[in-house]
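Analysis of the macromolecular model
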Amino acid sequence: QVHLVESGGGSVQPGGSLRLSCRVSGILFRDYNMDWYRQAPGKQRETIATITSSGNTVYVHNIEGRFTISRDNAENMVYLQMNSLKPEDTALYYCNSGLRGFGINPRFNWGQGTQVTVSS
């Protein structure tokens, strides 16, 4: 059974930084593309970043240059370094693996997510 466990969220002021982590178990991790998603209050969950099995990355426009997705195949971990945080980044953040490009059709049951709140 696949388990996704997100951590690292918190409350920060605008301009601050956080590093999110996602521990993945139950799959041959290195063979899968991995994605970060977020769901803001009152909005649908959206894909914001993806990293392929070979390490290529793609970002949604409004985080590009501020967020960096990375992975550690030895530790079955995927990370999201978030810098220059803005209030509009406030959301519950999740990881998963899209069956199709850029997080489409997530394969696995969702984890609990990790809350990021950006406020002064």
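The structure this text deals with has already been given above.
Residues numbered from 1 in each chain as written. Predicted model: local features only at pLDDT ≥ 70, side-chain atom pairs only at ≥ 80, totals over all residues. Heavy atoms only, no water.

**Let's talk about the pairing of strand 10 (residues 114-118)**
In strand 10, alternate side chains face the same way, and those of T114, V116 and V118 are buried while those of Q115 and T117 on the opposite face are not. Examined bridge by bridge, strand 2 (residues 10-12) and strand 10 share 3 bridges and lie parallel to one another. Residue S11 lies in a different strand from strand 10, and its bridge partner there is T117. As paired strands, strand 9 (residues 91-96) and strand 10 are joined by 3 bridges and run antiparallel to one another. Looking across to strand 10, one finds that A91 is bridged to V116. (Buried < 20%, exposed > 50% of the residue type's maximum accessible area, 1.4 Å probe, protein only. Helix = DSSP H or I, 4+ residues; strand = E, 2+ residues; numbered from the N terminus. Pairing = 2+ DSSP bridges.)

**Some words on the pattern of salt bridges**
Here the structure, examined in full by the defined rule, presents 3 salt bridges. The residue E46 makes a salt bridge to R38 at a minimum N-O spacing of 3.2 Å. Residue D89 is joined to R66 by a salt bridge in which the shortest nitrogen-to-oxygen separation is 2.8 Å. Here D89, found in the loop between strand 8 (77-82) and strand 9, pairs with R66, found in the loop between strand 6 (57-59) and strand 7 (67-72); they are 23 residues apart in sequence, far enough to count as distant. As far as the burial class goes, D89 and R66 line up, both buried. (Salt bridge = Lys/Arg side-chain N within 4 Å of Asp/Glu carboxyl O.)

**Thoughts on the nonpolar core**
Ranked by internal contacts, the top residues of the largest apolar core, which has 28 residues, are W36, V78, L80, M82 and Y93. Mapped onto this core, the elements with two or more residues apiece are strand 3 (18-25), strand 4 (34-39), strand 5 (46-51), strand 7, strand 8, strand 9 and strand 10. With 4 residues, the top contributor of residues to this core is strand 3. The residues touching L80, leaving out its near neighbours within four places in the chain, are L18, R19, L20, W36, I48, A49, F67, T68, I69 and Y93. (Core = buried A, V, L, I, M, F, W, Y, C linked by side-chain atoms within 4.5 Å. Contact = heavy atoms within 4.5 Å.)

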